[in-house]
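# Structure assessment
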Amino acid sequence: MDPLEYLNVAFADAADYVLLLAASTLVHIWLLKRFTHGLFDPLFFVLLGSLFGWAVVGFMVLHGDIATRYAVSFAVAELSFVLGLAAFHRRVPATIVRQPSAEPPDLAIAVFVFAAITHIASTLATWAIVGIPLFLASRLGAFAQGGGLGIIERLADGCGSIALFTALYLLFGNRRVRHRAAYAVFVAWYLVAIALSGSKSGFLIFGQCAFAVAFLYTGVANRQSAFWGGRAGVLFLAVAIAFALGVLAVQLDDASPAVALLGLVYRLITYGDIYVFAYPGGAIESLTGGNPFIGLFGGILSTFRLLPQELVYPNLGYQFALMTFPELDIVVGPNPRHPVFGYHYFGSFAGVFSFLLGAATALAQRALYARRRTEFLGVLVAFLVYTALNAISVDFEYALTRLASATIALVFVMVPALALHPRAVLFQRRPLPGPLLPAGGAIVRAC
C-alpha cells in the first residue's frame, strides 16, 4: 500500500496516532538514555526509527488494517532487539575525563593524505560520470548500469569516512599536531560533498564522526549533562535540520520553506513506512527470494565476486516499491527493517534474528566507546565497523555494503600508509599520555 495514500486517509483520526506516538516517545526516551551515549551516537537514530515504527504499527492495529500475526511478529522482533542490546550494552562512566592523544601523528597523517586524495578524486569522478546526486531522480544505485564502476562509489564512501575521522582526530584529538589548515580545508570540502550528495541525513554523519572524536579524545561528550551536545550540539542539530530542509527544497523543485517543512515532518512520520508497505493486505507474503543465506550475504559476496550478481535477490524495500508502483524505473524503496526482513527469511525464528542484531549492535558500540585503548588505528577501525553495523537492524544489506566499502577503502589506504611507516603496528600498545581522571580525582587506568 502507498504510505502517503494510507496516511492521508487514515490520519483523519490523527488524535489516535498522536496518542500512540506520545506513548512510544515516553518509552523510547528511556531507551535512548539507557543505550545511547548522546544525540550523535548513531544508535540514537536507529531507536528513533523504532519509535515511529511502534506508533505506525499500533495505529494500523487499532484501526484493524493488519492481521494479528504481523502485529505479534513486529512486537516480538522489536522486543528481542532491545533484549539483545541490553544483554551486551556497556555504559562508559560519565565521570571520566579524557585527554588528547600524544601518539606520534605520522601514520595518521599518511592515512589522511591517501584517504582524502582518494575521496576527492572518486567523488569528482562520480559527478563527472553520472552527475551530481542532489539533482538526480534517485541518488541510489548511481552505477547500477556502470559495468563495474561501482568501485568508485565504494571508494568515495569508505575513504570519505576514513579521511573525515582522521582529519577531526588530527584537528582535535592529537595534541602533537602542529599544522592543521589542510585538515580544516578537507572538512569544509566534505561538508560541500555531502550537501551535494542528496542525502537528507548526510550532515548527521559529520556530527557522528565529530562526536566519536570528542567522546574518545576530549571527554566533552562523556558528561551526562552533554547528552544533547550542549549548546554546540543544539546548534549543530538546528543546522542539520536546516540542511535537510534545503535538500528537500531542491529535490521538490525549489519548494517553499513551508512545503519543505511538511516534507520533513512526513519523512519523520514515515520512518515506519516499511510496515505500511508490508502488512496491510499481506503484501509481505508476496516477496521473492527465500534462501536466508543469499538474503543475508548475497550482496556482500557479490561485491567480492564470490557470488554471481544474477543470484542476488532484489532489495526487499525495492520489491515493495515495485509492488506499489509497477511503473517505477529508479532504485528507491523503504528500508527493510528487521521485523520485516526477519519475518520474510526466518518466519517463527525472526525474534532470534532480531536478538542477534541487537547483540551485534551493542558489541560494535562497545568496541568504539568502551574500548580500553585509544590508539588511532584501533579507534579508526572500531569507528568504521560501528558506523556500518549500527544500521544492521534498519537495512541488513545496506549495513554490509557500507562495511564492504569501509573494508575496501581501508585496505586501499592502509597499504601505502603502512609502506611509509613500516614500524607502525595495527592496535600497537603505546603508553597513553597520562592517566584518565574521574571527577573525584582518583587516578584510574586507561579505559
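Residues numbered from 1 in each chain as written. Predicted model: local features only at pLDDT ≥ 70, side-chain atom pairs only at ≥ 80, totals over all residues. Heavy atoms only, no water.

Right, let's talk about the packing of aromatic side chains for a bit. Overall, the coordinates contain 26 aromatic pairs when judged by the stated rule. Note on Phe74 and Tyr275: the rings are 4.9 Å apart at their centroids and 80° apart in plane angle, and the pair reads as edge-to-face. Separated by 201 residues along the polypeptide, Phe74 in helix H4 (residues 68-88) and Tyr275 in helix H11 (residues 273-278) bring together distant segments of the chain. The pair formed by Phe74 and Tyr275 is uniform in burial state, with each residue classed as buried. Taken together, Phe293, Phe297, Phe341, Tyr345, Phe346, Phe353 and Phe396 form an aromatic cluster joined through their ring pairs. (Phe/Tyr/Trp six-rings, centres within 6.5 Å; stacked < 30°, edge-to-face > 60°. Helix = DSSP H or I, 4+ residues; strand = E, 2+ residues; numbered from the N terminus. Buried < 20%, exposed > 50% of the residue type's maximum accessible area, 1.4 Å probe, protein only.)

On to the side chain of Gln365. Considering the arrangement of structural elements, one finds Gln365 in helix H15 (residues 350-369). Take Gln365: its relative accessible area is 1%, and that puts it in the buried class. Within the local environment of Gln365, its side chain forms a polar contact with the side chain of His89, the two groups lying 3.0 Å apart. Other than its neighbours up to four places away in sequence, Gln365 contacts Phe35, Thr36, His37, Asp41, Leu43, His89, Ala370 and Tyr386. (Polar contact = N/O pair within 3.5 Å; in protein donor to acceptor, adjacent residues only side chain to side chain. Contact = heavy atoms within 4.5 Å.)

A few words on the confidence of the model for the protein chain. Model confidence for the protein chain is summarised by a mean pLDDT of 82, while 78% of its residues fall at 70 or above. Overall, residues 143-147 carries pLDDT values under 50, and its contacts beyond four positions in sequence, including any with other chains, amount to seven contacts. Between residues 426-447, whose pLDDT stays under 50, and residues either more than four places distant or in other chains, the model counts 50 contacts. (pLDDT = per-residue confidence, 0-100.)

Inspection of the secondary structure assignment puts Ile241 in helix H9 (residues 230-251). When the C-alpha atoms of Ile241 and Phe203 are compared, they prove to be 8.8 Å apart, with 38 residues separating the residues in sequence.

Before going further, it helps to examine the environment of Ala102. Note on placement: Ala102 falls in the loop between strand S1 (96-97) and helix H5 (106-130). Along the primary structure Ala102 and Gly173 are separated by 71 residues, whereas in three dimensions their C-alpha atoms are 8.9 Å apart.

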